[in-house]
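# Overview (structure and organization)
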Amino acid sequence: MPTIHISHLMKQYGSRVILRDVSLSIPKGQIYGFIGPSGAGKTTLVKMMVGMDTPDAGQLYVLGEQMPNMSVLSKIGYMAQSDALYPELSGLENIQFFTELYSLSKARQKERIAYAAELVGLSSDLQRKVSTYSGGMKRRLSLAISLVHDPEILILDEPTVGIDPKLRQIIWQELIRLKDEKQKTIIVTTHVMDEAQRCDCLAMVREGQILAEGAPDALKTSYQVETLEEIFLQTGGVHDENV
């Protein structure tokens with residue numbers, strides 16, 4: 001059984017169609033990436049995987065359960081495009097707040113918070129109020145929160161925007177380790193082509209449709225190009241909508 005299975009998913013807001021007959025399956029232990037122009041429907045699709053939005057037609061199953069389903073949420077780590085943080089609280093208090101939502105012992109909470117903070121390079125800044133954080137630090141804190149409960153599935157919407165290249169490499173090394181060693185299923189949306197190249201499978205999304213799906217090198221062969229940037233441009237370029 002695939003970790004995520006989507007069948008003929010449709011979504012529209014008013015007269016605007018956001019997703020058009022989307023079907024795909026994502027197996028356990030894979031990094032699966034969505035690339036395509038902003039406004040293509042990627043964020044709407046991952047929100048449905050988390051259960052934050054519902055389809056108008058079609059079905060979406062996560063870990064064998066039809067979404068939305070509250071019982072599945074504790075098994076998902078989600079990082080949205082917009083940081084959902086409490087600016088008046090410290091970084092540590094933000095992580096602790098979200099950690100309390102899960103059934104972790106105090107010792108396990110402490111261990112996981114230390115791990116997540118170290119991974120994103122925030123260990124020395126956890127006592128500061130989030131209102132004093134830069135945009136990149138807020139993104140790093142959001143990523144730490146998505147990881148802190150050791151979820152089976154990570155769903156990361158543009159996870160490394162505003163993060164410096166060195167830390168971005170460290171984060172990707174850890175994502176690959178989690179996939180290889182712990183068989184985590186990791187879904188990312190990205191505009192960064194070297195990140196897309198690291199995915200096991202990519203879906204090219206444009207105007208709410210999956211235009212092509214496959215391993216990065218196989219897609220380059222299919223499009224008869226040498227780089228993923230060329231595929232990205234062929235699928236619509238860049239706009240400025242978070243959909």
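Above this note sits the structure.
Residues numbered from 1 in each chain as written. Predicted model: local features only at pLDDT ≥ 70, side-chain atom pairs only at ≥ 80, totals over all residues. Heavy atoms only, no water.

### Quick look at the sheet that holds strand β6 (residues 76–79)
- Strand order in this open sheet of six strands is β6-β7-β8-β3-β9-β10, and the pairing throughout is mixed. The sheet is open, and its two edges are formed by β6 and β10 (209–214), each paired on a single side. Adjacent strand axes in the sheet meet at a mean angle of 15 degrees, parallel and antiparallel pairs treated alike.
- When strand β3 (residues 31–35) meets strand β8 (residues 185–189), the two strands line up parallel, connected through four bridges. (Pairing = 2+ DSSP bridges. Helix = DSSP H or I, 4+ residues; strand = E, 2+ residues; numbered from the N terminus. Axes fitted to C-alpha atoms, helices over the stretch in contact; angles between N-to-C directions.)

### Considerations on the packing of helix α2 (residues 91–99) against helix α4 (residues 135–147)
- Axis separation between α2 and α4 bottoms out at 9 Å; the angle between their running directions is 30 degrees. By the criterion of interaxial angle, the relationship of α2 to α4 is roughly parallel. Of the two elements, α2 crosses α4, and the hand of that crossing is right-handed. Packed against α2, whose contacting residues are Gly-91, Asn-94, Ile-95 and Phe-98, the element α4 presents Leu-141, Ala-144 and Ile-145 at the interface.
- Split into classes, the residues belonging to the contact of α2 with α4 amount to five nonpolar, two polar and no charged. (Parallel < 35°, antiparallel > 145°, perpendicular 65-115°, else oblique. Left-handed = near helix turned anticlockwise from the far one by under 90°. Contact = heavy atoms within 4.5 Å. Nonpolar A, V, L, I, M, F, W, Y, C, P; charged D, E, K, R; others polar.)

### Looking at helix α1 (residues 42–50)
- Burial of α1 is extensive: eight of the nine residues sit out of reach of the surface.
- When we look at burial in α1, the residues that qualify are Lys-42, Thr-43, Thr-44, Leu-45, Val-46, Met-48, Met-49 and Val-50.
- A positive phi of about 90 degrees marks Gly-51, the residue just after α1. (Buried < 20%, exposed > 50% of the residue type's maximum accessible area, 1.4 Å probe, protein only.)

### Section: the nonpolar core
- Counting 44 residues, the largest nonpolar core has Ile-95, Leu-141, Leu-156 and Ile-186 as its most contacted members.
- Examining the composition of this core, we find that six residues originate from one element, α4, more than from any other.
- If we ignore the near neighbours within four places in the chain, the residues touching Ile-95 are Ile-113, Leu-126, Leu-141, Ala-144, Ile-145 and Val-148.
- Ile-18, Tyr-32, Met-67 and Val-205 belong to the second-largest nonpolar core, a separate cluster that totals 28 residues. (Core = buried A, V, L, I, M, F, W, Y, C linked by side-chain atoms within 4.5 Å.)

### With respect to helix α3 (residues 106–119)
- Look at α3: 20 Å from first C-alpha to last across 14 residues, which is about the 20 Å you get at 1.5 Å a residue.
- Buried within α3 we find Gln-109, Arg-112, Ile-113, Ala-116, Ala-117 and Leu-119. Buried residues in α3, looked at end-on, bunch into an arc of 155 degrees, giving them a common side. Those residues of α3 that are exposed and angled more than 90 degrees off the buried face are Ala-107, Lys-110 and Glu-118. (Expected span 1.5 Å × (residues − 1). Arc of directions from axis to C-beta.)

### Things to note about the state of the cysteines
- The final tally for this structure, using the stated rule, is zero disulfides.
- No disulfide involves Cys-201; its sulfur sits 8.7 Å from that of Cys-199, the nearest cysteine. (Disulfide = S-S within 2.5 Å.)

### Re the pairing of β8
- Where burial is concerned, most of β8 is hidden: five out of the five residues are buried.
- Neither face of β8 is open: one carries Thr-185, Ile-187 and Thr-189, the other Ile-186 and Val-188, and all of them are buried.
- Relative to β8, strand β7 (residues 153–157) runs parallel, the two being bridged by five bridges. Paired with Ile-155 across the strands is Ile-187, a residue of β8.
- Note on the crossover from β7 through helix α5 (residues 165–182) to β8: the handedness is right-handed. (Right-handed = clockwise from strand over helix to strand, strands pointing away.)

### Here we look at the packing of aromatic side chains
- Inspection of the entire model under this criterion finds four aromatic pairs.
- Centre to centre, the rings of Tyr-86 and Phe-98 are 6.5 Å apart; their planes meet at 35 degrees, and the pair counts as tilted. Separated by 12 residues along the polypeptide, Tyr-86 in the loop between β6 and α2 and Phe-98 in helix α2 bring together distant segments of the chain.
- Residue classification places Tyr-86 among the partly exposed residues on the basis of a relative accessible area of 33%.
- We classify Phe-98 as buried; its relative accessible area is 18%.
- Ring plane angle 85 degrees and centroid distance 5.2 Å describe the contact between Phe-97 and Phe-98, whose orientation is recorded as edge-to-face.
- On the basis of relative accessibility, which here comes to 36%, the residue Phe-97 falls in the partly exposed class.
- Aromatic rings pair up to connect Tyr-86, Phe-97 and Phe-98 into one cluster. (Phe/Tyr/Trp six-rings, centres within 6.5 Å; stacked < 30°, edge-to-face > 60°.)

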